[in-house]
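Tertiary structure, described
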Amino acid sequence: MRIPSDRDFTSTLRSPAVAARVGVWLGICFGLAFVTGLISHEAYVVHPVIPFPARPTWGYRVTQGLHVLSGTAAIPLLLVKLWTVFPKLFARPPQRLRQLAVDGLERASIAVLVAAAVFQLTTGLLNTTQWYPWGFHFRATHYAVAWVAIGALVLHIAVKLPVIRAALGGDIEDSAQDRPTATIAGPLTRRALVRSALLASGVAVLATAGSTVPALRKVSVLGVRSGGGPAGIPINKSAKAADVVATALSPDYRLVIAYDAHEMSLSRADLERLEQHTVELPIACVEGWSASGHWTGVRVRDLLDLVGAPAGRDLRVESLQPRGPFRATTLPGHFADDPLTLLALRLGGEPLAIDHGYPCRLIAPDRPGVLQTKWVGRLEVIT
Ligand SMILES: Nc1nc2c(c(=O)[nH]1)N[C@H]1C(S)=C(S)[C@@H](COP(=O)(O)O)O[C@H]1N2
Ligand SMILES: [Mo]
């Protein structure tokens, strides 16, 4: 079998003019996904460089929604872009040694970029469906590869800047200018191809955005877990899956609050007798869905006062869940002291469903869903 050369790809659609235009949108999506991804990373770390703010309460909901949607929008764009530049893979390498070295380096950097981009979009997409068919730690890997992808992207843009400028400045349909060897007109114009790529990207966004934008629920046929679940809030992990049904429903349930040698234990009825507050806050899952609810319960700060804990201390929040990575989380001091941070007993006026964290669950403003611990059994002030 003969290896094809770039001349064998005769469609005029495969061109720098299309690649540059699709590339601009792809660059915007990657930039947005990168920045919002960094924000999400900051939200996870207990003590980031800049303390993660507790306001606006919907901040994380918006940034993480944008993160997942910009990644989703990038998928059709990346496919079209790879298709348009595919012939370059078969371009003959230059003869002169110096040029060969430069060409080789450029190809290597593009290989890194493509691999990192495909990896990010694939793992991200599977993550939105809550499917983790791999052995590595998703968050750490997705974060590390994001730096590789953005670094390779910046390098790629810098190297290609002259080509990009020429392509964007010229007539999009003029193949004599940018790919004289391509002679066969495609089934649609180049302009129509760019528009179709953007349309596909828009459809992908609309098909999934309902997971986080309530107004789009009806059109988002692929929206995962939108609007379902008790009180209109989806269930992430059920009580059965977390193996907490017996302990959560046990009459012996007690919430233990600990600060140094001070310890206190409260039954759910004791918690109900404390001053109740109602807040409207979202659960914003890293996987892209989010939903707002009216939560009623006791302020975490009021509970800390019961054991005489000073302000500003980080709090370890432990679940009744016997195992799993999310059974315990650390709540930074300024979140623990926030008047909107509750140990919620009710959602939408009704007692919490067991799958939403009965007897009580943490709900704090501007916080990733994964850190809103359910079935809380112990609050321990970190000293
Ligand atoms: N103990 C415990 N709490 C947990 C989880 C968990 O697996 N175990 N999942 C978290 C995740 S990933 C999310 S998005 C929210 C979802 O809350 P919900 O199921 O009430 O909507 O709960 C969080 N709290
Ligand atoms: Mo989540």
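Residues numbered from 1 in each chain as written. Chains lettered and ligands numbered in written order. Predicted model: local features only at pLDDT ≥ 70, side-chain atom pairs only at ≥ 80, totals over all residues. Heavy atoms only, no water.

Quick look at the overall build of the protein chain
- A count of helices and strands for the protein chain gives eleven helices and ten strands.
- Oriented by its inertia axes, the alpha-carbon framework of the protein chain measures out at about 80 × 45 × 40 Å.
- Across the protein chain, the fraction of contacts at a sequence separation of at least 24, relative to all contacts at a separation of at least 6, is 70%.
- Only carbon and sulfur atoms are counted for the fraction: they give 65% of the accessible area of the protein chain, which is about 18900 Å².
- Each charge class in the protein chain was averaged separately, 38 positive and 28 negative side chains, and the resulting centres sit 10 Å apart. (Helix = DSSP H or I, 4+ residues; strand = E, 2+ residues; numbered from the N terminus. Contact = heavy atoms within 4.5 Å. Areas by Shrake-Rupley, 256 points an atom, 1.4 Å probe, with all protein chains shown as cover. Lys, Arg positive; Asp, Glu negative; His and termini not counted. Charge placed at Lys NZ, Arg CZ, Asp CG, Glu CD.)

Notes on the domain arrangement of the protein chain
- Each assigned domain of the protein chain is listed with its residue range as follows: domain 1 (6-216) and domain 2 (232-381).
- One C-alpha centre belongs to domain 1, the other to domain 2; they are set 39 Å apart.
- Taken residue by residue, the interface counts 24 residues in domain 1 and 25 residues in domain 2.
- In this assembly, domain 1 packs against domain 2 so that about 2000 Å² is buried in total across both faces, 53% of it on carbon and sulfur atoms.
- The interface formed by domain 1 and domain 2 contains one salt bridge.
- The residue D338 makes a salt bridge to R55 at a minimum N-O spacing of 2.9 Å.
- Along the contact surface separating domain 1 from domain 2 lie eleven residue pairs in polar contact (both at pLDDT 80 or more).
- Put simply, the parts of the chain that give the side of domain 1 that touches domain 2 at least two residues each are helix 1 (16-44), helix 2 (59-85) and helix 3 (97-128).
- Counted by class, the side of domain 1 that touches domain 2 contains twelve nonpolar, ten polar and two charged residues. (Domains from an automatic or database assignment. Buried area = accessible area lost by both parts, 1.4 Å probe. Salt bridge = Lys/Arg side-chain N within 4 Å of Asp/Glu carboxyl O. Polar contact = N/O pair within 3.5 Å; in protein donor to acceptor, adjacent residues only side chain to side chain. Nonpolar A, V, L, I, M, F, W, Y, C, P; charged D, E, K, R; others polar.)

Here we look at the layout of surface pockets
- Counted as a void, the second largest pocket has a volume near 1300 Å³.
- In this structure, the second largest pocket is lined by 39 residues; those nearest its centre are V85, K88, I110, H156 and K160.
- Those elements that place two or more of their residues in the lining of the second largest pocket are helix 1, helix 2, helix 3 and helix 4 (138-169). (1 Å grid on protein atoms, 1.4 Å probe; cavity = no way out; pocket = protein on both sides within 12 Å on 5 of 7 lines; lining within 4 Å. Points joined across faces, edges and corners; volume = space filled by probe spheres on them.)

Section: the site of ligand 1
- Residues in close proximity to ligand 1 total 19 residues, the closest being P234, N236, Q321, H356 and K374.
- Between H356 and ligand 1, the recorded distance is 2.6 Å, taken from a side-chain N or O atom to an oxygen atom.
- The protein chains hide 98% of the 530 Å² of surface that ligand 1 would expose on its own.
- Of the residues in the shell around ligand 1, the class split is nine nonpolar, seven polar and three charged. (Near = heavy atom within 4 Å.)

Structural notes on unusual backbone geometry
- In this chain, R55 is followed by P56 through a cis amide linkage whose omega measures -10 degrees.
- Considering the arrangement of structural elements, one finds P56 in the loop between helix 1 and helix 2.
- A cis amide bond, omega 10 degrees, links Y358 with the succeeding residue P359.
- Among the structural elements, P359 can be located in the loop between strand 8 (350-351) and strand 9 (361-363).
- In this structure, Q130 is a non-glycine residue whose phi angle is positive, near 60 degrees.
- Using a relative accessible area of 32% as the deciding quantity, one classes Q130 as partly exposed. (Buried < 20%, exposed > 50% of the residue type's maximum accessible area, 1.4 Å probe, protein only.)

What to know about a nonpolar patch on the surface
- A contiguous nonpolar patch, built from V24, W25, I28 and L168 and spanning about 360 Å² of accessible area, is present on the exposed surface.
- Tracing the sequence through the fold places W25 in helix 1. (Patch = residues over 30% accessible without salt bridge, like charges linked within 9 Å, V, L, I, M, F, W, Y side chains within 5 Å.)

Regarding the packing of aromatic side chains
- This model, assessed by the stated rule, comprises ten aromatic pairs.
- Considering the side-chain rings of F119 and F136, the 5.7 Å spacing of their centres and the 40 degrees angle between planes classify their relative orientation as tilted. With a gap of 17 residues between them, F119 in helix 3 and F136 in the loop between helix 3 and helix 4 connect regions that are remote in the sequence.
- Taking relative accessible area as the criterion, F136 reaches 34% and is therefore assigned partly exposed. (Phe/Tyr/Trp six-rings, centres within 6.5 Å; stacked < 30°, edge-to-face > 60°.)

Observations concerning helix 3
- Helix length check: helix 3 (32 residues) gives 46 Å between terminal C-alpha atoms against 46 Å at 1.5 Å per residue, within 8%.
- S109, L113, A116, A117, Q120, L121, T123, G124, N127 and T128 are the residues of helix 3 that are buried.
- For helix 3, the elements touching its buried residues are helix 1, helix 2 and helix 4.
- Directly after helix 3, the chain includes Q130, whose backbone phi takes a positive value near 60 degrees. (Expected span 1.5 Å × (residues − 1).)

Thoughts on helix 4
- Compared with an ideal rise of 1.5 Å per residue, which puts 32 residues at 46 Å, helix 4 spans 41 Å between its outermost C-alpha atoms and falls more than 12% short.
- Along helix 4, the largest kink reaches about 65 degrees and is centred on K160; proline P162 follows within four residues of it.
- For helix 4, every residue scored as buried is listed here: F138, H142, V145, A146, A149, I150, A152, L153, H156, K160 and A167.
- Among the structural elements, helix 1, helix 2 and helix 3 are those in contact with the buried residues of helix 4. (Bend = angle between axes of the 7 residues up to and from the residue.)

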